[in-house]
Amino acid sequence: MHTVKEAALITGLTEHAVRFYTDKGLVPSVQRNQNNIRMFDEESINWLHGIKCLKQSGMPIEVIKRYIDLCLEGDSTIPQRSALMMEHKEAALAKLEEAKQHVAHLEEKTALYQAIMEHRSPDTTNPSNWDKIQHMHSDVFYSPPVRKA
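Residues numbered from 1 in each chain as written. Predicted model: local features only at pLDDT ≥ 70, side-chain atom pairs only at ≥ 80, totals over all residues. Heavy atoms only, no water.

Undergrad: Kindly report on helix α3 (residues 42–56), identifying the contributing residues and their values.
TA: With 15 residues, α3 should cover 21 Å at 1.5 Å per step; its first-to-last C-alpha distance of 21 Å lies within 8% of that length. Within the sequence span of α3, burial applies to Ser44, Ile45, Trp47, Leu48, Ile51 and Leu54. Those residues of α3 that are buried are in contact with α1 (4–11), α2 (15–23), α4 (61–73) and α5 (78–117). (Helix = DSSP H or I, 4+ residues; strand = E, 2+ residues; numbered from the N terminus. Expected span 1.5 Å × (residues − 1). Buried < 20%, exposed > 50% of the residue type's maximum accessible area, 1.4 Å probe, protein only. Contact = heavy atoms within 4.5 Å.)

Undergrad: Could you give me a rundown of the packing of α4 against α5, with the residues and numbers involved?
TA: Here α4 crosses α5 at 160 degrees, and the two axes come no closer than 10 Å. The pairing of α4 with α5 is recorded here as roughly antiparallel in orientation. Handedness of the α4/α5 crossing: left-handed. Only Gln80, Arg81, Leu84, Met85 and Glu87 of α5 make contact with α4, whose side of the interface consists of Val63, Arg66, Tyr67, Leu70 and Cys71. Split into classes, the residues belonging to the contact of α4 with α5 amount to 6 nonpolar, 1 polar and 3 charged. (Axes fitted to C-alpha atoms, helices over the stretch in contact; angles between N-to-C directions. Parallel < 35°, antiparallel > 145°, perpendicular 65-115°, else oblique. Left-handed = near helix turned anticlockwise from the far one by under 90°. Nonpolar A, V, L, I, M, F, W, Y, C, P; charged D, E, K, R; others polar.)

Undergrad: Outline the nonpolar core, supporting the account with residue identities and numerical values.
TA: Soluble globular proteins tend to pack their nonpolar side chains together in the buried interior. Judged by nonpolar contacts, the single largest core of 22 residues is most densely connected at Val18, Tyr21, Phe40, Leu48, Ile51 and Ile64. Once you skip the residues sitting within four places of it in the chain, Val18 turns out to touch Val4, Ala7, Ala8, Leu13, Phe40 and Leu48. (Core = buried A, V, L, I, M, F, W, Y, C linked by side-chain atoms within 4.5 Å.)

Undergrad: Kindly report on the environment of His88, identifying the contributing residues and their values.
TA: Mapped onto the elements of the fold, His88 is located in helix α5. Setting aside anything within four residues of it in sequence, one finds His88 in contact with Ser57, Gly58, Met59 and Pro60.

Undergrad: How would you sum up the pattern of salt bridges? Please name residues and give values.
TA: Here the idea is simple: oppositely charged side chains can pair when their charged atoms come close. Inspection of the entire model under this criterion finds 5 salt bridges. Close ionic contact of Arg38 with Asp23 constitutes a salt bridge, the shortest N to O distance being 2.6 Å. Highlighted residues: Arg38 in strand β2 (residues 38–39) and Asp23 in helix α2, separated in sequence by 15 residues. In this structure Arg38 comes out as buried when scored by relative accessible area, which is 13%. Among the salt bridges present, the one from Lys100 reaches Glu97, with a minimum N-O distance of 3.4 Å. Highlighted residues: Lys100 and Glu97, both in helix α5, separated by 3 residues, approximately one helical turn. (Salt bridge = Lys/Arg side-chain N within 4 Å of Asp/Glu carboxyl O.)

Below, the structure is given as structure tokens:
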């Protein structure tokens, strides 16, 4: 049997993470001794390794809990666990595409700043000047501004 500190050393998790995961009910085999101190057997250590693996994939705690509950139900839930992994993969791919769009936008902006610093382009990055240069920021101004009468 292992203490929280030992479980953390074995799994590479922090003691705080080990406590957090057990408090969230993610380590079903964790036990408590006569002083109510958490004690981890090999099965508990395996659950912690599994949680760490899922967390490293970006899986939210609520989904990890669902996955663990399915595991506890047995082999009959393999199709549901597989579907859960596919859903998580699709969500990760969507985030990846969004991140690629962010990087592309930032590459455009850093190229613009480089051009400004090399005096090849006027400074069009300061929003306080945009009323004078709206035609240069079609990516920002989607509709004509409302003019006061």
